[in-house]
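A closer look at the structure
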Amino acid sequence: MHDFRALRADPTAFDQDLARRGLPPVSQELLSYDEERRVLLNELHTKQADRNNLSKQIGQLKRDKQDSADLEAQAITLRTELEIIQSKADALDAKIFEILASLPNRLAQEVPVGADENDNIVIHQWGEPKDLGFTPLQHFDLGEKLGMMDFTVASKLSGARFSILKGALARLDRALSQFMLDLHTGEHGYEEHIVPLLVNEQTMYNTDKLPKFGDQSFCTTDGRWLIPTAEVPLTAMQAGELISVEELPIRRTAVSACFRSEAGAAGKDTRGLIRQHQFYKVEMVSITTPDESEAEHERMTRCAETVLERLGLPYRRILLCSGDTGFGAAKTWDLEVWLPGQQAWREISSCSNTNAFQARRMNARFRPKAEEGKKVSPEFVHTLNGSGVAVGRALVAVMENYQNADGSITVPEVLRPYMGGIEKIG
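Being a predicted model, the structure only gives us computed values, none of them experimental.

1. A look at the UniProt feature "binding site: L-serine" (unreviewed entry) in the protein
UniProt's entry tags T229, A230, E231, R260, E283, N385 and S387 with the feature "binding site: L-serine" (unreviewed entry), counted in the numbering of this structure. With respect to the helices, strands and loops of the structure, T229 is situated in the loop between strand 6 (225-226) and helix 9 (231-236). If we ignore the near neighbours within four places in the chain, the residues touching T229 are K209, C258, R260, K281 and E283. A distance of 3.0 Å separates polar atoms of two side chains, one belonging to T229 and the other to K281. Take E283: its relative accessible area is 2%, and that puts it in the buried class. The residues contacting E283, other than those within four sequence positions of it, are T229, A230, E231, L234, R252, T253, A254, N385, G386 and S387. Of the polar contacts made by the side chain of E283, one reaches the side chain of T229; its length is 3.3 Å.

Printed below as a string of structure tokens:
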């Protein structure tokens, strides 16, 4: 998950990157464990050589029909010593692994230092919030008045943070998914997938969701995990693969149910669709070379922005600061959509470049082109992921921005072909 050679070469820079995220230095601790481990491994190799020599001597004595008891006793002692040394080295390996697995990705240089979302930077805004001419309602009030959104029955079935959509609102939700998938596959070059909603622990680790986010995900009794996003299977498909550079970039998309426990979200967005245990999202994943990942990040973010522009929803692009950038990301663009009912900008998409962070975890590499007669070593790919966009939040944004004074909702033109020509709900 981290390049240990880079840490050895410049431990100060490694600790400085952690400090940008508000974390304490760890390089000296890691290097101390690493040095101790290397000493043990050298001792292990020496004793293994001694054991091999003893084995040869014992073999020769037996062939000569001479007494080898003393040497055999030495061999038994040596074997015990080897087991002890190997055990100590394995324990140090485990310590190093545990520390590295808990450390977030190193941030891109252009990520601004900041404590939290208040220090994020607005890059640009598209569209202006409209004056609807009346006091706008929030989406849950609109949905309940239409009789098409039910939280009470959902709570009876599943508990808090679940919902039921009915009739035209359910169709509108489906229309949004279909519109986004058609846009990303037809115009943006992503290949559509249907992915498993349950994955194994290794797959969650490969995509940096474990161990960090174990308490925010749902695990089954047989040790499989409900995906928090389709990013997990779409990215981990590449685990253990050596890719030809001609295959890159790989671009994948999927709409899937997503499951999150919302640990630590008590009191936040307790009503409505903003923060639920189960929601749907159209995900985009790109796998590319290090040289192309920055351009791919911009391209992916523009794909998400195009969704909002086609829907006519005012949004702004945000560069996340160091304190708000996610665990696996080196750099993240957030898109925030305007919600008239809340009179607030709310996140609707995050597009992140993880660089080689996930690729190291899952050993996903590519072989660069080589000049004739020269060999090149494989390199880790760069992986990127982005919401293209969150379906439930897009539904919220459409409902609130296209609401009318009588409580009806105008269907955006781009969605009408998916709604059988319906122009208004309610």
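We are not done yet, so read on.
2. What about the pairing of strand 9 (residues 278-288)?
Residues in a regular strand point their side chains to alternate faces of the sheet. A large share of strand 9 lies buried, amounting to nine of its eleven residues. Bridge count for strand 9 against strand 15 (residues 382-390) is seven bridges, and the pairing is antiparallel. For T288, the partnering residue across the bridge sits in strand 15 and is H382.

3. Thoughts on the environment of A394
Structurally, the position occupied by A394 is in helix 12 (residues 391-401). Residue classification places A394 among the buried positions, given a relative accessible area of 0%. For the pair formed by A394 and F357, sequence separation is 37 residues and the distance between their alpha carbons is 30 Å. Those residues in contact with A394, other than ones at most four positions away along the chain, are L176, M180, I348 and V389.

4. Some points on helix 2 (residues 11-20)
Most of helix 2 sits out of view: seven of its ten residues are buried. On the buried face of helix 2, the contacting elements are helix 1 (4-9) and helix 3 (27-63). One or two steps after helix 2, the chain reaches G22, where phi turns positive at roughly 80°.

5. Considering the sheet that holds strand 15
With mixed pairing, eight strands are arranged side by side in an open sheet as 1-10-11-12-15-9-8-4. Looking along the sheet, the strands with just one partner apiece sit at the ends: strand 1 (121-126) and strand 4 (191-192). Judged from the nine bridges that link them, strand 11 (residues 331-339) and strand 12 (residues 344-353) form a sheet pairing that is antiparallel. Opposite W333, over in strand 12, you have C351 as the bridge partner. Packed on one face of the sheet, helix 10 (residues 293-311) meets strand 1, strand 8 (250-259), strand 9, strand 10 (315-319), strand 11, strand 12 and strand 15 and runs near 5° to strand 15. Packing of helix 12 onto the sheet brings it into contact with strand 8, strand 9, strand 11, strand 12 and strand 15, and relative to strand 15 it is tilted by some 35°.

6. Re the pattern of salt bridges
Under the criterion given, the structure shown has 25 salt bridges. A salt bridge links R271 to D141; its shortest N-O distance comes to 3.7 Å. Separated by 130 residues along the polypeptide, R271 in the loop between strand 8 and strand 9 and D141 in helix 5 (residues 139-146) bring together distant segments of the chain. Owing to a relative accessible area of 45%, R271 belongs among the partly exposed residues under this scheme. Where salt bridges share partners, they join R8, D34, R37, R38 and D93 into one cluster.

7. Digging into the domain arrangement of the protein
Along its sequence, the protein is organised into domain 1 (4-102) and domain 2 (117-425). For domain 1 versus domain 2, the separation of C-alpha centres amounts to 44 Å. In this assembly, five residues from domain 1 lie in contact with eight residues from domain 2. For the pair domain 1 and domain 2, the two sides together bury roughly 540 Å², of which 43% comes from carbon and sulfur. The largest share of the area that domain 1 buries against domain 2 comes from R20, R21 and A101, three residues that together contribute 74% of it. In this structure, the connection of domain 1 to domain 2 is made through zero salt bridges. The tally of links between domain 1 and domain 2 comes to five residue pairs in polar contact (both at pLDDT 80 or more).

Analysis parameters
- Residues numbered from 1 in each chain as written.
- Predicted model: local features only at pLDDT ≥ 70, side-chain atom pairs only at ≥ 80, totals over all residues.
- Heavy atoms only, no water.
- UniProt positions renumbered as here; feature names shortened; annotations may be inferred.
- Helix = DSSP H or I, 4+ residues; strand = E, 2+ residues; numbered from the N terminus.
- Contact = heavy atoms within 4.5 Å.
- Polar contact = N/O pair within 3.5 Å; in protein donor to acceptor, adjacent residues only side chain to side chain.
- Buried < 20%, exposed > 50% of the residue type's maximum accessible area, 1.4 Å probe, protein only.
- Pairing = 2+ DSSP bridges.
- Axes fitted to C-alpha atoms, helices over the stretch in contact; angles between N-to-C directions.
- Salt bridge = Lys/Arg side-chain N within 4 Å of Asp/Glu carboxyl O.
- Domains from an automatic or database assignment.
- Buried area = accessible area lost by both parts, 1.4 Å probe.

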